[in-house]
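One letter stands for each residue in the lines below.
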Amino acid sequence: MKLKKVMLNACMVLCITALSSIPVKAESNEQLSNDPTMNIYEELTETQSDNSRNVDTVLYNMDIDELNELIDCAKESSENPYARWDNSLDLAWKAAAQIAIKAGYPCAGKLVTYSVNNDNYTEGLSGTPGLFGSKIRNCSIYKDYIRSISMESSSGSSIAFTQNVDSDLYFALHKVDIFVTPRPNYVAVKIVDTFDFEKDKDRYDNLFASLVNNWGWLSQQVGSLHPIKVNVSFYA
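All residue numbers refer to position in the chain's written sequence, counted from 1. Under the rules for a predicted model, residues below a pLDDT of 70 receive no local features and side-chain atom pairs below 80 are neither given nor counted, while totals for whole chains, interfaces and linings still include all residues. As a convention, hydrogens and water are excluded, and side-chain values are obtained from all of the structure's heavy atoms.

### As for the pattern of salt bridges
Now for step 1: The working definition used for a salt bridge is a side-chain nitrogen of Lys or Arg within 4 Å of a carboxyl oxygen of Asp or Glu. Applying the stated criterion across every chain, the model contains six salt bridges.
Now for step 2: Across the pair Asp166 and Lys135 runs a salt bridge whose closest N-O atoms are separated by 3.7 Å. In this pair, Asp166 sits in the loop between strand S2 (155-160) and helix H9 (167-172) while Lys135 sits in helix H7 (residues 131-137), placing the two residues 31 residues apart along the sequence.
Now for step 3: Note on Lys135: relative accessible area 23%, which makes it partly exposed.
Now for step 4: Residue Asp200 pairs with Arg203 through a salt bridge whose shortest N-O separation is 3.8 Å.
Now for step 5: Think of it in three bands: with a 1.4 Å probe and only protein chains considered, a residue is buried below 20% of the maximum accessible area for its type, exposed above 50%, and partly exposed in between. The buried category is assigned to Arg203, whose relative accessible area is 10%.
Now for step 6: Salt bridges sharing common partners tie together Lys135, Asp166 and Asp168. By definition, any uninterrupted DSSP run of H or I lasting at least four residues is a helix, any uninterrupted run of E lasting at least two residues is a strand, and each is numbered from the N terminus.

### A look at the pairing of strand S5 (residues 228-235)
Now for step 1: Of all eight residues making up S5, six are buried, and the element is well covered by its neighbours.
Now for step 2: Any two strands with at least two DSSP bridges between them are considered paired. Relative to S5, strand S1 (residues 121-123) runs parallel, the two being bridged by three bridges. Each residue of the ladder has a partner; that of Tyr121, found in S5, is Val230.
Now for step 3: As judged from the eight bridges shared by strand S4 (residues 187-195) and S5, these two strands associate in the antiparallel manner. What sits directly across from Phe195, in S5, is Ile228.

### A closer look at the packing of aromatic side chains
Now for step 1: Each pair of aromatic rings taken from Phe, Tyr and Trp, with Trp reduced to its six-membered ring, is defined by centres within 6.5 Å and is described as stacked if the planes are under 30 degrees apart, edge-to-face if over 60, and tilted in the remaining cases. Tallied over the full model, the rule gives 13 aromatic pairs.
Now for step 2: Measuring from centroid to centroid gives 5.0 Å for Trp93 and Phe197, while their planes differ by 70 degrees, and the two rings are edge-to-face. In this pair, Trp93 sits in helix H5 (residues 88-102) while Phe197 sits in the loop between S4 and helix H10 (201-208), placing the two residues 104 residues apart along the sequence. Exposure class is identical for Trp93 and Phe197. Each is buried.
Now for step 3: Ring centres of Trp93 and Trp215 lie 5.7 Å apart, and the angle between their planes is 90 degrees; on these two criteria the pair is classed as edge-to-face. Placement of the pair is Trp93 in helix H5 and Trp215 in helix H11 (residues 215-218), with a sequence separation of 122 residues.
Now for step 4: Assessed through its relative accessible area of 6%, Trp215 is described here as buried.

The following block contains the structure:
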């Protein structure tokens, strides 16, 4: 599988720029591939833990085919006793998250990235809706729930996003707790959930199986993913 020359050169420039301040160890074993994608993959895994933001930028600028090739490289490295395996799974999962984002699932992709980093996800503390809040406010399931309750007293319940209404929210959140609290000048809404890929793996299979070429392998490598708390706040 060959990368388009223009995109490959662009990715190489980004990698070199992002990683220029960090020494890259020479690979002593001649059995490793000289493929340009593998070279990019090795540089990214070498610096993943120290330059997560720069790595994310490089992945953001790759297309779906290139991201799939990085995942292929991770699989090859896992089968090569001479290859470095440090940070490879983290990189593969971040590549899969970017594939989901580019395929139209920004919420699901973002939570996978946060799960790899073992960071809880919080947005909208100022009341301004972010990525999740904006989608939830425009979702008919949320609107139906808000119409069904009194806005003059606090309430707590749960709602479930369905795939036929909003597939991104379905894969990212599905069933969530929702709390509505009236204030003097506004009504505060808080959505609470736990993102646990391993627990809900069957649901995520439906998303990633058609996007990630090596999903059969990657779906078994869940050690890089952590359960994280999700808190989304906005004004109704």
